[in-house]
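Results of the structural survey
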Amino acid sequence: RQMCIETEAALSEFESIDVDKSAGRICAAVNVPCPPAVPIAVSGEIINENCIKIYKNYGILKVNVIK
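Okay, so let's go over this structure. (Residues numbered from 1 in each chain as written. Predicted model: local features only at pLDDT ≥ 70, side-chain atom pairs only at ≥ 80, totals over all residues. Heavy atoms only, no water.)

What follows is about the overall build of the protein. Across its full length, the protein holds two helices and two strands. With 67 residues in all, the protein has 28% of them scored as buried. Of all intrachain contacts in the protein linking residues separated by at least 6 positions in sequence, the fraction that spans at least 24 positions is 57%. With an accessible surface of roughly 4500 Å², the protein has 54% of that area assigned to carbon and sulfur atoms. (Helix = DSSP H or I, 4+ residues; strand = E, 2+ residues; numbered from the N terminus. Buried < 20%, exposed > 50% of the residue type's maximum accessible area, 1.4 Å probe, protein only. Contact = heavy atoms within 4.5 Å. Areas by Shrake-Rupley, 256 points an atom, 1.4 Å probe, with all protein chains shown as cover.)

Take a nonpolar patch on the surface next. Together, Val30, Val32 and Val42 make up a nonpolar patch on the protein surface, roughly 200 Å² of accessible area in all. Turning to its location among the elements, Val42 is positioned in the loop between β1 (14-18) and α2 (49-57). (Patch = residues over 30% accessible without salt bridge, like charges linked within 9 Å, V, L, I, M, F, W, Y side chains within 5 Å. Salt bridge = Lys/Arg side-chain N within 4 Å of Asp/Glu carboxyl O.)

A separate point is α2. Listing the buried residues of α2 in full gives Cys51, Ile52 and Tyr55. The arc enclosing the buried residues of α2, seen along the axis, measures out at 100°, which places them on a common side. Structural note: α2 exposes Lys53 and Asn57 on the side pointing more than 90 degrees away from its buried face. Its side-chain oxygen 3.0 Å from the backbone nitrogen of Asn50, Asn48 forms the N-cap of α2. (Arc of directions from axis to C-beta. Polar contact = N/O pair within 3.5 Å; in protein donor to acceptor, adjacent residues only side chain to side chain.)

Before going further, it helps to spend a moment on the side chain of Ser22. Here Ser22 lies in the loop between β1 and α2. Looking at Ser22, its side chain comes within polar contact range of the main-chain oxygen of Val19, at 2.7 Å. Discounting residues that sit within four places of it in the chain, Ser22 has contacts with Ile17, Ile47, Ile52 and Val63.

Rendered as structure tokens:
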């Protein structure tokens, strides 16, 4: 049975890295700032510069990415 990419990414081995070093990496587990409690990048999504700006805006300095 095939898993969807989001599930596979969420269940993958991951590491927590500095947001500034995350461009081009694949999001493993979702960081959800509250409020607004909307994911900036979802599991399986490639983190880009726009994501990084939003993470920093909400004070998120570490993100979980697939190893």
